[in-house]
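# Results of the structural survey
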Amino acid sequence: MSKIARILICFALYFIMTGCSVNPPPLEFAPDATTIEKAIALQINKKYGILSTHLGTQKPTIEIEKINIRKIEPSNKFNLPTYHLTGDYLVVTKNNKNKGKKIKNSFTLNLQRQNAGKTWRLLLPDTNSSSDKYFSYQIP
C-alpha cells in the first residue's frame with residue numbers, strides 16, 4: 001500500500017470518528033426563564049399533589065419568584081439535548097387558612113428540548129430504579 005493511500009485512509013478514519021462523537025448541545029439553546037419557572041411549578045405541583053392526597057387536604061396555590069440559576073450543564077440524553085440546571089428560587093404558597101408564606105428553596109432540573117425545538121420536557125429520575133430511567137412530563 002502506498003504512502004498516499006495510508007494517509008487518505010487515516011484522514012477518512014479521522015473524519016468518521018470525529019463525526020460520530022456526541023458533543024453537548026450549545027448553551028444558546030438552553031431553556032428560557034419562563035420554561036424554567038413552569039418546570040419548577042410542575043415539579044412542585046407533583047410533590048404537593050401527592051402530599052395533599054395523602055393528608056386529605058387541598059393543594060395550596062403557588063407562585064414562583066426570583067429564580068437564580070447557579071449552574072447549567074448541557075448533555076444528551078436519549079439522543080436529545082438536555083440541560084441539567086441547579087439554583088434556587090422563592091416560592092409563595094397560599095391556602096385558605098393563611099395569607100401566604102414565602103419559602104426559599106433550591107432546585108435541580110433536567111429539562112429536555114424535543115425534536116422540533118418547540119416543546120420542553122421535565123425529566124424526573126426514577127428513584128425505584130438503579131439504572132438511568134426517567135419519568136418525562138411535558139411542560140405546558
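Residues numbered from 1 in each chain as written. Predicted model: local features only at pLDDT ≥ 70, side-chain atom pairs only at ≥ 80, totals over all residues. Heavy atoms only, no water.

The protein appears in an unreviewed UniProt entry as Lipoprotein from Cyanobacterium aponinum 0216.

Quick look at helix α2 (residues 33-55) now. For α2, which comprises 23 residues, the first-to-last C-alpha distance of 32 Å matches the rise-based estimate of 33 Å (1.5 Å per residue) to within 8%. Looking at the packing, one finds that the buried side of α2 touches β1 (61-77), β2 (80-94), β3 (101-113), β4 (120-125) and β5 (134-138). Count one or two residues on from α2 and you reach G56, which has phi positive near 70°. (Helix = DSSP H or I, 4+ residues; strand = E, 2+ residues; numbered from the N terminus. Expected span 1.5 Å × (residues − 1). Contact = heavy atoms within 4.5 Å.)

As a further point, take the sheet that holds β1. Taken together, 5 strands build an open sheet; the order of strands is β1-β2-β3-β4-β5 and the sheet is antiparallel. Edge positions in the sheet fall to β1 and β5, since each has one partner strand and no second. On average, each strand axis in the sheet is tilted by 35° relative to the strand beside it, whichever way the strands run. Pairing of β1 with β2, which is carried by 14 bridges, proceeds in the antiparallel orientation. Residue pairing across strands places I64 opposite V91, the latter belonging to β2. (Pairing = 2+ DSSP bridges. Axes fitted to C-alpha atoms, helices over the stretch in contact; angles between N-to-C directions.)

Mapping P25 onto the fold places it in the loop between α1 (3-20) and α2. The sequence separation of P25 and L80 amounts to 55 residues, and the corresponding C-alpha distance is 8.8 Å.

Here the focus is the layout of surface pockets. The calculated volume of the second largest pocket comes to roughly 220 Å³. Of all the secondary structure elements, the ones that give two or more residues to the lining of the second largest pocket are α2, β2 and β3. Among the residues forming the lining of the second largest pocket, the class breakdown is 6 nonpolar, 4 polar and 1 charged. (1 Å grid on protein atoms, 1.4 Å probe; cavity = no way out; pocket = protein on both sides within 12 Å on 5 of 7 lines; lining within 4 Å. Points joined across faces, edges and corners; volume = space filled by probe spheres on them. Nonpolar A, V, L, I, M, F, W, Y, C, P; charged D, E, K, R; others polar.)

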